[in-house]
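# Working through the structure, step by step
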Amino acid sequence: MSKPSAKAPASSLAAFLNALSWTRSRATKDSEFDAGLNSSSAWTESLSNPVEGILRTSVIHQDEADSLVPNPNSLSDDEDEAEANEQGEEDATFDVELGRAARALYVFEGKPEYRELTAVQAGDRLEVLREDVGDGWSLVKYLDGPEGHIEVGLIPQSYYAFTADFAQAPNLNITPTHSRYASRKEMSVSTITPRGSPKKESEPLPIIPPLVPQTTGEWFPSFRRSLLGGKQLNRFSTFVTSGAEEWLLSGSDREVSGLPASESLHDRDSSHSTTHEDDGYNDGVGEADRHFVDTGPAWRPKVPSFQIMVHSPSKRASLLSGAYTVYSVTSVFVPNNQGSESSDHRPPSPVRITVHRRFSHFVALHTALSRRLPGIALPPLPEKQYAGRFNDDFVEARRGDLQRYLSRVVRHPVARYAEVLTFFLGCESDTEWKKQYPRYLSYLPVGPSFYAHIYHPAYNFDSEEAAETVHKFAAHVQAVGQGVQNLRTIFGKVREVGIEMSKAQRLLAYALLSLITSKPLAATSVQNVPEEAEHEDDWSNGHMNSDGAWCWREGCIECLKLTKAMQKTSDVLQTVADLYDDHARRTQLLTHEAFKSVAHPAPIYSGIVETHKSTLSRYAEATTSRLENDEISARCETVLNSTMAEFDTYHDHKIEDFQLLTTDFLDSEIALHEQLLVRLKAARTTFNSPTYDKLAQLPRAPSMYERELEHPRLAPPPITHPCPHVYDSTPMRPVSVAIQGGVGMLLQSPTRASVFGKFW
């Protein structure tokens, strides 16, 4: 055990003066003494009660038997014999003051001019009168002085250990006549002994059974502390890989230069403090690598939010890498309207920055963000595709997935100002991109340094509330994930119902047109067609006149108007069918894809939840009386502030996401039905005068859909489903589907099934 270093003598003097003020405060509670201010008035006040407030002070004279007049200008220990006797009487005041039993751990030879103990040996008995009198010093009684002399003075706190905390041995009989003063005269024969140790006598000591360490049922923490050095057994957990465990155990080995000397890497930051302006760090830590947590806890955003768009995918070719797809990424920054309007009262136009990135660049961005920000929940990147990656449907689906990925990244208050993201979105020069791109690819995980640069207010969370919050949050995201999966499945069926509705509307239009034109539908589309309808001439004989009216009479005006109005209705039903089909295939597909942005929150935040729970257990260990560790508990608070800030971020994003999803769905349904109402109202208006009367002016013209009666469009292709989410448990992944299609194209014609199709 290494001997700790004692502080400067001036500190011990200030601590001693503070101890004097403490002894006097028991008699005069209203009087305060500033231990750090060594002025004559403060010193005189501290000595106003010589019986309770004087320790080894010099006495000028004694005029009366019961009156003591101290000399405030003397701190010397060189007193004459009479004064020493008086001092002994004054020290008797502390004999009635009971302290906590302790033993000295090291040899301590203090300076008498600063009221420090001068000849303390390791194992000597002490009684601590006041454990903390300031600057790491304690006021104690030294019980093992020469010839049993009791001395009162100062000793560093780290130089002794309490013995009252040890359990008394069973069957140990201590006689009632055991005198505290008598026991003080015996020299200790051990290093640390309980206060109730038996006297050293000639008779044999009672047999004491061996000590059995007591446990509280927490076997694994003891095993972890003893054999694993405090580390977790699972070395692949997020708590370990993110650097949180290393940060809790040993802090960060990267010191921040440029910060005040009094501010450690895990200091709590006041809620109203501002960010440091100095970016001159010797270890490469800039403003983007420092993160602040406000009350809540919640992340403090440094830059305003902005919009992101991924659009215009195009295929390109390279001699080295072959063909690849490039996506245009546009960042839209809307300036603040306050005080920035132009002279014609028009708001300023947004600023747009467009760059071109391929999928491998997105992979590099995600890797760098994961290494630089291990303590936040990043959205998963879409899966890589090895075949069929130039298919139009796949390219469009990937474009949407990349836009959702970037949108969630730039919405995060911490990831938004990451240096690698700024470079990814803002570097428009290909030369500069190629120059800096390898640097971001070579990023190493920051590990505990991420938590070392998090600043938060003091006492920003409650441990009981943090434990309750994590359990509720884990259950909530699990339920949200299951509900979203169910919603995605049901919405897929809704889209299929939309296709069936389109098919039904189209079949109704064909049937109505066949009715008024006397042209039969194909036998495959209509059942129970009468046998006499096999010949078109027999079917149309007598059903239409020469004007194309649905009547056997020639020149029937009313039938001509009715026929043309019903034909208009049939055409409108065809348009209605097209609207249903387009809505299910295109508009609802976008909504179906958007559900992936809120899917699987549990696996996304599983690492944050795991880190939170593991840190809570370490915090509970560090704050117990037996294993109290202020450094570890302070680091635990930093990690817990970051995890609870992530919970708050998910809460805000969930509100925004589901509000946007619901409103977009309702707006799309309203837009569909508004278009349907416009078409249906137009068909209904045809039957009203004067439009209905004008229909008799000209003969009926054939409908454009009459040619489809022989081959009706009643077998639409299946709808396109969204690409699976990364965490979807599907029997066949997109890569397998693409490989199957590629093998089928190689071995067989595109219109025929492959011989190996049954194996996929």
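Residues numbered from 1 in each chain as written. Predicted model: local features only at pLDDT ≥ 70, side-chain atom pairs only at ≥ 80, totals over all residues. Heavy atoms only, no water.

## A look at the overall build of the protein chain
Secondary structure summary: the protein chain contains 21 helices and 13 strands in total. Expressed as a percentage of contacts within the protein chain between residues at least 6 apart in sequence, the contacts between residues at least 24 apart total 68%. (Helix = DSSP H or I, 4+ residues; strand = E, 2+ residues; numbered from the N terminus. Contact = heavy atoms within 4.5 Å.)

## Observations regarding the pairing of strand β11 (residues 322–333)
Most of β11 is tucked away: nine of the 12 residues are buried. As paired elements, strand β10 (residues 307–318) and β11 share 10 bridges and run antiparallel to each other. When the bridges of β11 are listed, Lys-315 appears paired with Thr-325. Following β10, the chain reverses through three residues before pairing antiparallel with β11. (Buried < 20%, exposed > 50% of the residue type's maximum accessible area, 1.4 Å probe, protein only. Pairing = 2+ DSSP bridges.)

## Observations regarding the environment of Asn-629
Along the chain, the position of Asn-629 falls in the loop between α18 (606–622) and α19 (630–685). Taking C-alpha positions, Asn-629 is 9.2 Å from Tyr-619, a pair spaced 10 residues apart along the chain. A distance of 3.2 Å separates the side chain of Asn-629 from the backbone nitrogen of Ile-632, its partner in a polar contact. (Polar contact = N/O pair within 3.5 Å; in protein donor to acceptor, adjacent residues only side chain to side chain.)

## Details of the packing of aromatic side chains
Under the counting rule described, the total for this entry stands at 20 aromatic pairs. Judged by centre distance (5.4 Å) and plane angle (75 degrees), the rings of Phe-108 and Tyr-159 are edge-to-face. Within this pair, whereas Phe-108 is found in the loop between β3 (100–104) and β4 (125–134), its partner Tyr-159 is found in the loop between β6 (151–156) and β7 (160–162), the two being separated by 51 residues in sequence. With respect to burial, Phe-108 and Tyr-159 carry one shared label: buried. On the numbers, 5.3 Å between centres and 25 degrees between planes, the contact of Phe-292 with Tyr-455 is stacked. Here the residue Phe-292 occupies a position in strand β8 (residues 291–294), and Tyr-455 occupies one in strand β13 (residues 454–455), the gap between them amounting to 163 residues. Through pairs of rings, three or more aromatic residues link up here, namely Phe-362, Phe-423, Phe-424, Trp-433, Tyr-437, Tyr-440 and Tyr-443. Positioned over the ring face of Phe-359 is Arg-398, at 3.9 Å from the centre of the ring. One residue, Arg-439, lies across the ring of Tyr-440, its end atom 5.0 Å from the ring centre. (Phe/Tyr/Trp six-rings, centres within 6.5 Å; stacked < 30°, edge-to-face > 60°. Lys NZ or Arg CZ within 6 Å of the ring centre and 35° of its normal.)

## Notes on the sheet that holds strand β12 (residues 351–358)
Read from one edge to the other, the open sheet built from three strands follows the order β10-β11-β12, with strand pairing classed as antiparallel. Of all the strands in the sheet, the pair left with one neighbour each is β10 and β12. With strand direction ignored, the average angle separating the axes of adjacent strands in the sheet is 20 degrees. Note that β11 and β12 share eight bridges and pair antiparallel. Across the sheet, residue Val-329 finds its bridge partner in β12, namely Val-355. Against the sheet, helix α9 (residues 359–372) engages β11 and β12, with an angle of about 105 degrees to β12. Helix-sheet contacts for helix α11 (residues 419–426) involve β10, β11 and β12, and the interaxial angle to β12 is about 95 degrees. (Axes fitted to C-alpha atoms, helices over the stretch in contact; angles between N-to-C directions.)

The quantities given are spatial measurements derived from coordinates; they are silent on function.
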